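# Fold and contact review
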Amino acid sequence: MEVTWWGHATCTVEDSGVRVLTDPLFVRRLAHLRRRRGALPPPEAARADVVLISHLHCDHLHLPSLSRLAPGTLLVVPRGAPRAVPGLRRLGQGPAGLRIAELAAGDEVKAGPVVVRAVPAAHDGRRLPVGPRLSPALGYVVQGAARTYFAGDTGLFDGMAAAVGEIDVALLPVGGWGPFLGHGHLNAARAAQAVAALAPRAAVPVHYGTYWPIGMDAVRPHEFHAPGGEFARLAARTAPGVVVHQLGHGERVRPGGPGRPGVSW
């Protein structure tokens, strides 16, 4: 089992011969945001058997990035997403379209030997800046040889550990794309609380240090640079049995394999 972090919430989880891609975002600029760190993911990052979309915000459900997927790729989205985002329906049309599966919390879909289970998330799932609440925000547990939790965007919520269940690896958001985090997010401290409750064997901090608003480089820059290291430091206190792998963009790790915390191979 191997995890690659491409930046923001975009990861590849390779398990039991299945490539699972999360919230693909393959652009240098998105509206008022620009990619401030790391090269754009290479073409191989778009190669996937299954793609997981956690919620409808444009930095997680990005239609131009999804258009790079190969025909027939299984795209897992929150229930109601195609109704809320018409462009998503178009990606699923015709012989060259994607196979779209709509899930609600508790639902499962199978891809070869891997099972993907949708779990709740505490986050606004709407397509912003406008749009009715037609679709929930989700996290996912990918179960193959290992059980990997991709949290998407979420805050802490009651019953989080019970909803997610027993896991081996947690891919946790520890920051965001601006100087201040809104409601329904984990910062480094809250992510450390989450990892203590979830008790995985290993954790990878994501969703920080990639995109930032144009013209705001000097505004609270520690919120861009520091969350990964701060999470590793705090998690060492709250969950000393969890190995934290702090990756750079494009780096990969085999959680539980040989090596030192934070080192990829």
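One can find the structure itself at the top, above this paragraph.
We now turn to the structure provided with this report.

Turning to the packing of helix α5 (residues 188-198) against helix α7 (residues 227-238), a few remarks are in order. Axis separation between α5 and α7 bottoms out at 8 Å; the angle between their running directions is 40°. When the interaxial angle is binned, α5 and α7 end up oblique. The way α5 lies across α7 gives a crossing that is right-handed. Every residue of α7 that contacts α5 at A188, A189, A191, A192, V195 and A196 is listed here: P227, E230, F231, L234, A235 and T238. Classifying every residue of the contact of α5 with α7 by side-chain character gives 10 nonpolar, 1 polar and 1 charged.

This part is about the sheet that holds strand β12 (residues 147-150). Pairing is mixed in the open sheet, where 7 strands are placed in the order β9-β10-β11-β12-β13-β14-β16. The open sheet has two free edges, formed respectively by β9 (108-111) and β16 (243-244), since each of these has just one partner strand. Examined bridge by bridge, β12 and strand β13 (residues 169-173) share 3 bridges and lie parallel to one another. Directly across from F150, in β13, lies its bridge partner L171.

The next point concerns α7. Counted at 1.5 Å a residue, the expected span for α7 with its 12 residues is 16 Å, and the 16 Å between its end C-alpha atoms agrees. Within α7 the residues assigned to the buried category are P227, G228, F231, L234 and A235. An end-on view of α7 places all buried positions within 130° of arc, on one side of the element.

Attention now moves to α5. Along α5, the residues classified as buried are A188, A191, A192, A194, V195 and L198. Each buried residue of α5 sits inside an arc of 160° when the element is viewed along its axis, so together they form one side. Buried positions along α5 lie against β12, α4 (160-164), β13, β14 (202-206) and α7. Its side-chain oxygen 3.2 Å from the backbone nitrogen of A189, N187 forms the N-cap of α5. Of the residues flanking the end of α5, it is A199, one or two places downstream, whose phi is positive at about 55°.

With 5 of its 5 residues buried, β14 lies for the most part within the structure. With burial as the criterion, each face of β14 is covered, one bearing A202, V204 and V206 and the other bearing A203 and P205. Both β13 and β14 contribute to a ladder of 5 bridges, which runs parallel. Bridge pairing in β14 places L171 opposite V204. Once you follow β13 into α5 and on to β14, the crossover reads as right-handed. Pairing geometry for β14 and β16, over 2 bridges, is parallel. By the bridge assignment, A203 is partnered in β16 with V244.

Turning to the sheet that holds strand β7 (residues 74-78), a few remarks are in order. Overall, mixed pairing links the 7 strands, which are arranged β8-β7-β6-β3-β2-β1-β17 in an open sheet. With one partner strand each, in any of the chains shown, β8 (99-103) and β17 (252-253) form the two edges of the open sheet.

Before going further, it helps to examine the pattern of salt bridges. Pairing between side chains of opposite charge can happen when their charged atoms approach one another. Enumeration according to the criterion identifies 11 salt bridges in this entry. R79 serves as the salt-bridge partner of D107, at 2.7 Å between the closest nitrogen and oxygen. Of the two residues, D107 is situated in the loop between β8 and β9 and R79 in the loop between β7 and α2 (81-84); the sequence distance between them amounts to 28 residues. Owing to a relative accessible area of 46%, R79 belongs among the partly exposed residues under this scheme. One salt-bridge network, held together by shared partners, links E2, E44, R252 and R254.

As a further point, take the nonpolar core. Membership of the largest hydrophobic core comes to 53 residues, with the highest contact counts inside it found for Y140, Y149, L172 and F231. Per element, the largest residue contribution to this core is 6 residues, and it comes from α5. Non-local contacts of L172, meaning those with residues more than four positions away in its chain, are made with Y149, A151, L186, A191, V195, L198, V204, P205, V206 and F231.

Analysis parameters
Sequence order as written defines residue numbering, which begins from 1 separately in each chain. Residue-level local features of this predicted model are given only where pLDDT is at least 70; pairs of side-chain atoms are given and counted only at 80 or more, and the full residue set underlies all totals for whole chains, interfaces and linings. In computing side-chain values, all of the structure's heavy atoms are included and hydrogens and water are not. To define axes, lines are fitted to C-alpha atoms, for helices over the stretch in contact only, and angles between the resulting N-to-C directions are given on a 0 to 180 degree scale. Strands here are runs of E lasting at least two residues and helices are runs of H or I lasting at least four, both read from the DSSP assignment and numbered beginning at the N terminus. If an angle is under 35 degrees, it is roughly parallel; if it is over 145, roughly antiparallel; if it lies from 65 to 115, roughly perpendicular; otherwise it is oblique. Note: crossing handedness is left-handed where the near helix turns anticlockwise from the far helix by less than a right angle, and right-handed where it turns clockwise. Contacts are assigned to residue pairs that have any heavy atoms within 4.5 Å of one another. The residue classification treats Ala, Val, Leu, Ile, Met, Phe, Trp, Tyr, Cys and Pro as nonpolar and Asp, Glu, Lys and Arg as charged. All others, Gly included, are polar. Here a strand pair is declared whenever DSSP counts at least two bridges between the two strands. Expected helix span is computed as 1.5 Å times (number of residues minus one). For every residue, the accessible area obtained with a 1.4 Å probe (protein chains only) is divided by the maximum for its type, and the residue is called buried under 20%, exposed over 50%, and partly exposed between those limits. Here, the arc refers to the directions that run from the helix axis to the C-beta atoms. Under this definition, polar contacts are N or O atom pairs within 3.5 Å; protein pairs additionally need one hydrogen-donor-capable and one acceptor-capable atom, and for neighbouring residues in sequence, both atoms have to be side-chain atoms. Viewed with both strands pointing away, a crossover whose connecting path from the first strand over the helix to the second turns clockwise is right-handed. We define a salt bridge as a side-chain nitrogen of Lys or Arg found within 4 Å of a carboxyl oxygen belonging to Asp or Glu. Here, the term nonpolar core denotes a set of buried Ala, Val, Leu, Ile, Met, Phe, Trp, Tyr and Cys residues that are joined through side-chain atoms within 4.5 Å.

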